[in-house]
Structure formats: C-alpha cells, structure tokens
Amino acid sequence: MNTDRACESKNAHTFRSHTFTTGAGSAFLGRGTATSLLLLTITGCVVAPESTGNDNGNPDSSAAQPSEPGDREETQPIASTTTTATDPGSDLQIDVFALERLENNLVRLKLGVTNNSSESFSLVDGLSQEGDQSTASHVSLIDSENQKRYLSYDQSNGKCFCSPPVEGSLQAGESVDMWVIYPEPPPELESMTVVTALAPPLLDVPLGYASESIENEGLAEAEILDLTLISDNLEDQTGRTESGDEVSIILSSDVLFETNRATLSPEAEEILEQVATEIDDATSATVNIDGHADNTGNDSINLPLSEERAEAVETTLSELVTRNGISYESEGHGSSDPIADNSSEVGRERNRRVSVTFEK
C-alpha cells in the first residue's frame, strides 16, 4: 500500500477522538458551516511511547523547538483538540495558534503538541508523511465551501516546507511548536478545517494575515484535491477514512436498516448508488464489506446480524456497480471492533455500521 499520505506503524497506538473544543458536536458532520460540513476523516498511525531512546538509537532528549518562522507568537490557541490513546493516561493536546496568509501567496499553520500523559512519546510519523518523520507534513486543510483538500507544500528537493523534525521524545508535560506551509486558498475564504491523523478535526479555524513572507528555493507542484462525493454528513450519517491508496466508506446501520433487520431501507439505495459510483471510478478489483454492531445484546445475535447486513450491502452494490472484474468479500464482526465508546448512545450509534473498503 502506498503510504505517501498515510502513516502506519505496527508499534503505534490507535488514538480515539474524545474531545472537540471548536464546536463539533457530532462525529458525523454535514456540508457547509450552517448546515453540513464536508470533511475527510483521515486515519493513520500515531505517536509511539518511548522509554529507551529515539529512532536513531540516541538517548532521549527534550523536544526541540522549531526554528524561525515557527516560534510561537500567540499566547492562547485559537482552536484545540485532545486525543486519548488506548493506553490509559496517554493524552496529547493539539493546539492551533495561527492559520495565516503570507505575502507570497502561501498559508502557514502554527500548531503546538502537548504531552499530557505521564510517559514520554515520540511523534515519529503521527503528524507526518513518509520521509518527513517528526514533522507536521501530514496535517491537511479542508475548504468546505469549495470542497477542496489542501496538502502541505513540498520543496523542490522533496522535503516538506515545514519546521525542522522534532528531536527526541516529547516528555511528560512537555510541549513542542511546529509549523507547515500550504498553497493559498481563494481570497474570499475566511476559515478552514484542520485535519490530523491524531485527533478530531478542528473546525472553522479562522484565516488571518501576516505581513511577512517566507523565502524558499523552489516548491513542488501544489496538491489541492477534490473532496469526494461521500463525506461525513449528519443527514445520512456517512463517513470515510483514507489511508494511502485505500478508502473506506463508513455507512450508518441506523440509516441502512430497520432495528434488528438486515433488509435495506428505501434511503439506503441512494447512498449505495454514490458508493457504487466511487467503486466504478476506482481501480480496485476487490471490494471488502464489513458489518459491525454495538455491544447491546450478545454476539449470538450481533454476529449473524452484522454478517447478514454486510451481505445485503454486497448484493446491492454488485447490482449497482457497472465496472467488470470486481469481486466482493463480506464479513460480519459483531461488536468486536468498536470505533467509539459503547457507554454512550452516540458511541453505540457510530459502532452500528457497515464499511466498504477498496483501493482508489
């Protein structure tokens, strides 16, 4: 799998998003600020706990503060979010201190990462793309008004246009400041959403101005991607994750099916037509369909129900997809793979889902 814009590590913890501090009230977000906002929820590997040394075999050192122009000027963040690892107490806080247009048609994001846990952590590729470890090169910006995703700039030498890599581990209670450069969005755009692999999206971060420019010796071509048709949406409760060349579309079972039923609802066909369009436009020869349940009841009920729901989605998709040579693999997992806390109704609703995964 291509990991140019993803991060995967067998030793990395999987972070679950717990706290929004920028006004996000649901895991499923609609299009537009007032109605529904088009987002990409990007998953990937995260920071790895460090106890003996850094990746180069050297003893741990304090996190390095990036050089200019990344030094923090703001004293209070304009947006914040908190992530919690699967290990109790392993918490990180991500703060945005500025999202600002520069004079030479660039945008700079300034952010800080604070280790609120009792253990040291190495950022490794938690915020970076492959080849730029311990930087913020994998953080992206979403323009929901024009349905675009902005990837960070690379320099002509292939390195990210960002602050230097963080040296060593982030000690307990320690913070590090980082910055990264992006192509400039349209002049009328007033805010963007900041998306990381570690935390919930930071919504509606205001775009400011800085009366300065950043010199560079040449930039690679700007990467501004179209947001795809299926997105996080309040109305039909769909979502997606992307990792390298693979996309997984997450569909709410509450929308697709009646309670405790595996017969698709009338609303489901329109949603699956959109999924089928994406599959037709992709290159994948295999589509994986996985059914999931919350922990209500037991797996003697949940497991066969999740299997039947995955099979129902497979049957309909195989009829809607027009491209030849595609095989389908469906499986039910019951409640064994939650993506949210089953102790709340919102969490249980997220866990009742069918995911459709294929290569782009």
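Residues numbered from 1 in each chain as written. Predicted model: local features only at pLDDT ≥ 70, side-chain atom pairs only at ≥ 80, totals over all residues. Heavy atoms only, no water.

Looking only at helices and strands, the chain has four helices and 18 strands in total. Within the chain, the proportion of its 360 residues that are buried is 51%. (Helix = DSSP H or I, 4+ residues; strand = E, 2+ residues; numbered from the N terminus. Buried < 20%, exposed > 50% of the residue type's maximum accessible area, 1.4 Å probe, protein only.)

Under the defined criterion, the tally for this structure stands at one disulfide. Linked covalently through their sulfurs, Cys-160 and Cys-162 form a disulfide whose S-S length is 1.8 Å. The pair Cys-160 / Cys-162 is uniform in exposure class, with both members buried. (Disulfide = S-S within 2.5 Å.)

Counting across every chain of the model gives nine salt bridges. A salt bridge links Arg-352 to Glu-345; the shortest N-O distance between them is 3.2 Å. Salt bridges sharing partners connect three or more residues here, namely Asp-254, Asp-294, Glu-345, Arg-348 and Arg-352. (Salt bridge = Lys/Arg side-chain N within 4 Å of Asp/Glu carboxyl O.)

Glancing now at the environment of Val-354. Checked against the element boundaries, Val-354 lands in strand 18 (residues 353–359). Val-354 sits in the buried class, given a relative accessible area of 0%. In this structure the C-alpha to C-alpha distance between Val-354 and Ile-250, which are 104 residues apart in sequence, comes to 6.0 Å. Ignoring any residue separated from it by four or fewer positions in sequence, one finds Val-354 in contact with Ile-249, Ile-250, Leu-251, Ser-253, Leu-256, Phe-257, Ile-289, Asp-290, Gly-291, Arg-309 and Val-313. (Contact = heavy atoms within 4.5 Å.)

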